[in-house]
Every structure is written in C-alpha cells, then in structure tokens.
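Okay, here's what each chain looks like letter by letter:
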Amino acid sequence: MFEAFVSTYISSTIRFLFLLAPFFVVTMFLALTRGLPAAEKNSIIRRSTVSALILGLVLFFAGPVLFSAIGITLNSFRIGAGSLLFLTAISLVTSGTRNHATGLPDEDRDDIAVVPLAIPVMIGPATIGAILVYGAELSSVSEVLGGLLGLVSGLVILAVLLHLSGYLEKVLGKTGLNILSKISGLILSAMAAEIVLTGIAGFMASV
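All values derive from a computational prediction rather than experimental measurement. Here the residue index of a chain counts from 1 through its sequence in written order. Residues qualify for local features only when their pLDDT is at least 70, as the model is predicted, and side-chain atom pairs are given and counted only at 80 or more; totals for whole chains, interfaces and linings, by contrast, use all residues. Side-chain numbers come from the whole structure's heavy atoms, not from hydrogens or water.

Enquirer: So what's going on with the pattern of salt bridges? Residues and values would help.
Expert: Opposite charge on two side chains permits pairing when their charged atoms draw close. Salt bridge, as applied in this entry: a Lys or Arg side-chain nitrogen positioned within 4 Å of an Asp or Glu carboxyl oxygen. Applying the stated rule across the entire model yields three salt bridges. Between Glu 137 and Arg 15 there is a salt bridge, with the nearest N and O atoms lying 3.9 Å from each other. Of this pair, Glu 137 sits in helix H6 (residues 125-137) while Arg 15 sits in helix H1 (residues 2-19), and the two are 122 residues apart along the sequence. Per-residue accessibility, obtained with a 1.4 Å probe over protein chains only, is compared with the maximum for each type, and a residue is labelled buried under 20%, exposed over 50%, and partly exposed between these values. Owing to a relative accessible area of 32%, Arg 15 belongs among the partly exposed residues under this scheme. Close ionic contact of Arg 34 with Glu 169 constitutes a salt bridge, the shortest N to O distance being 3.2 Å. Of the two residues, Arg 34 sits in the loop between helix H2 (22-32) and helix H3 (38-70) while Glu 169 sits in helix H8 (residues 165-206), which places them 135 residues apart along the sequence. Each of Arg 15, Arg 78 and Glu 137 takes part in one network of salt bridges that share partners. Put simply, DSSP marks the helices as runs of H or I at least four residues long and the strands as runs of E at least two long, and each gets a number from the N terminus on.

Structure, rendered in structure tokens:
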C-alpha cells in the first residue's frame, strides 16, 4: 500500500507539473504583473494557486460522475482529452505558448488571479480533460491519496517558480523561458500520446 502511494505520488507530481506548463505560466505571470509591487504579486500568486487547486480537486473527483452522467466511457474520454492535450503540446513546442491562452486581457481587470491566471493560463481545456482522466484512473485509497498529494505538490512547485519568476527572467531571459516551455511541450506530447494509446487499446479490448 505504501509503495503504491509513493509510486503514484511521484508519477502524479511529475504529470501535474508538466500539465500546468510551468514556464509558460511564469512567462504569462511576468507579463500580467509587470510593474506591480511585490506584495501584490505575492497575493496574486497565492489566490491563483488556491483557485487552481480548488478547480483541480473538483475535476479530480468529477470524472466518474461526469462520464456516467453523459454516458461515455473512460477510454472514449481518454482519446478525446489526449487529442486536445496533444494540440496544446504542439502549440507549446512550436511557439512556446498554449493555443488557448496566448494573449493578455484586452481590458483592465481588478483581479487577474482567477481569470486569466488560474483559468485558463494554469488550467486550460486540455488540462481539465487530463485531470478528469487521471482522477478516474485511480481506484485504491492509496492511489487516490498519492494522486491528490501529487496535484498539491505540482501547484506548490509552480507557486515557488512564480515567486522566483523575476530571478528566472534575469537568469534565463525570455528566450530561455521560451525554450523551457518548448521542452515542456515535448514531454506533454508524449503524455498525450500515452493517454490516447491507452484509450484506443482499452476501447479495442472492449469490442
């Protein structure tokens, strides 16, 4: 049981961290908070992370209920969510940005922590689908606990990177952050392919 927990926790932390596309989020955070005082930046990081965590927890447990309610199988949703995630990965690899969150808000917002930072920059459509799939795949209590802790850990690591965003920009520059975003997209494409292929294999086995 403990081994299953540790294994699930480590794999889930890595999965969720790459799903969040941390270096793209850092780039967007720098653009959205340019010129703001440090205290306000810290507040935005805290509120956006909490918002993303709440949404992530809801999605993590909503998969089985949603699939049952709309009458689709987990394997069918794997294929759809994996395909959408693959498109996001391609966007990251080619341009270093997510295809659903490439620009800044046109209007001035009183609070950017929830929209657009938490949604859709941190958790976009492809990430939503992937979290639904990953949550539905875990069955035992130890796996579910490992997955939950992995989600929390992924967001904590992202929050730390956001706190260090100014330093990262100085050290890596915009080009360095863009390269890291593209590398993240490459790994994300492999994750997407795995989801799709698992869905296809499961669907073929059930026929």
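Enquirer: Any chance you could break down the packing of H2 against helix H7 (residues 141-163) for me, citing the residues and the numbers?
Expert: An axis is simply a line fitted to the C-alpha atoms; with a helix, the fit covers only the stretch in contact. Between two such axes, the angle follows the N-to-C directions and lies from 0 to 180 degrees. Running from amino to carboxyl end, H2 crosses H7 at an angle of 40°, the nearest separation of the two axes being 10 Å. Considering the angle they form, H2 stands oblique to H7. Relative to H7, H2 is oriented so that their crossing is right-handed. Taken together, the residues of H7 that come into contact with H2 (itself represented by Pro 22, Val 25, Val 26 and Phe 29) are Leu 158, Leu 161 and Leu 162. Under the grouping applied here, Gly and all other residues not named as nonpolar or charged are polar, the nonpolar ones being Ala, Val, Leu, Ile, Met, Phe, Trp, Tyr, Cys and Pro and the charged ones Asp, Glu, Lys and Arg. Broken down by class, the residue content of the contact of H2 with H7 amounts to seven nonpolar, no polar and no charged. What sets the label is the angle itself: under 35 degrees gives roughly parallel, over 145 gives roughly antiparallel, 65 to 115 gives roughly perpendicular, and the rest give oblique. Two helices that cross are described as forming a left-handed crossing if the nearer one is turned anticlockwise from the farther one by less than a right angle, and a right-handed crossing if clockwise. In what follows, residue pairs with any heavy atoms lying within 4.5 Å of each other are defined as contacts.

Enquirer: Kindly report on the UniProt feature "transmembrane region" (unreviewed entry) in the protein, identifying the contributing residues and their values.
Expert: UniProt positions are given in the numbering used here, feature names are shortened, and annotations may be inferred rather than shown by experiment. The residues that UniProt annotates with the feature "transmembrane region" (unreviewed entry) are residues 12-32, 52-70, 76-93, 114-136, 148-168 and 180-205. Across residues 52-70 one finds 100% helix and 0% strand; the C-alpha atoms that close the span lie 25 Å apart. For the annotated span residues 180-205, helix accounts for 100% and strand for 0% of the residues, and the straight-line distance between the end C-alpha atoms is 38 Å.

Enquirer: So what's going on with the confidence of the model for the protein? Residues and values would help.
Expert: Each residue carries a pLDDT score, the predictor's own confidence in it, on a scale running from 0 to 100. Of the residues in the protein, 94% have a pLDDT of 70 or more, and the chain-wide mean is 92. For the protein, the element scoring lowest by mean pLDDT is helix H5 (residues 113-122), at 92; H7 scores highest, at 97.

Enquirer: Describe the environment of Thr 49, naming the residues involved and giving the relevant values.
Expert: Mapping Thr 49 onto the fold places it in helix H3. A relative accessible area of 14% places Thr 49 in the buried class. Taking the C-alpha atoms as reference points, Thr 49 and Ala 118, separated by 69 residues in sequence, lie 6.8 Å from one another. Those residues in contact with Thr 49 that lie beyond four places of it in its chain are Met 122, Leu 155 and Ala 159. By the criterion applied in these results, polar contacts are pairs of N or O atoms within 3.5 Å in which, for protein atoms, one can donate a hydrogen and the other can accept it, and in which residues neighboring in sequence qualify only through two side-chain atoms. A distance of 2.7 Å separates a polar side-chain atom of Thr 49 from the backbone oxygen of Ile 45.

Enquirer: Residue-level account of the packing of aromatic side chains, with values.
Expert: Two aromatic rings, drawn from Phe, Tyr or Trp (for Trp, its six-membered ring), form a pair once their centres lie within 6.5 Å of each other, and the interplanar angle then sorts them: stacked below 30 degrees, edge-to-face above 60, tilted otherwise. Taken as a whole and assessed by the stated rule, the structure comprises five aromatic pairs. Taking the centre distance of 6.5 Å and the plane angle of 35° together, the rings of Phe 2 and Phe 5 count as tilted. Separated by three residues within a single helix, Phe 2 and Phe 5 lie in helix H1, roughly one turn from each other. Ring centres 5.3 Å apart and planes at 80° place the aromatic pair Phe 60 and Phe 61 in the edge-to-face group. Accessibility expressed as a relative area gives 48% for Phe 61, which makes it partly exposed. Ring pairing ties together the aromatic residues Phe 2, Phe 5 and Tyr 9, which thus form one cluster.

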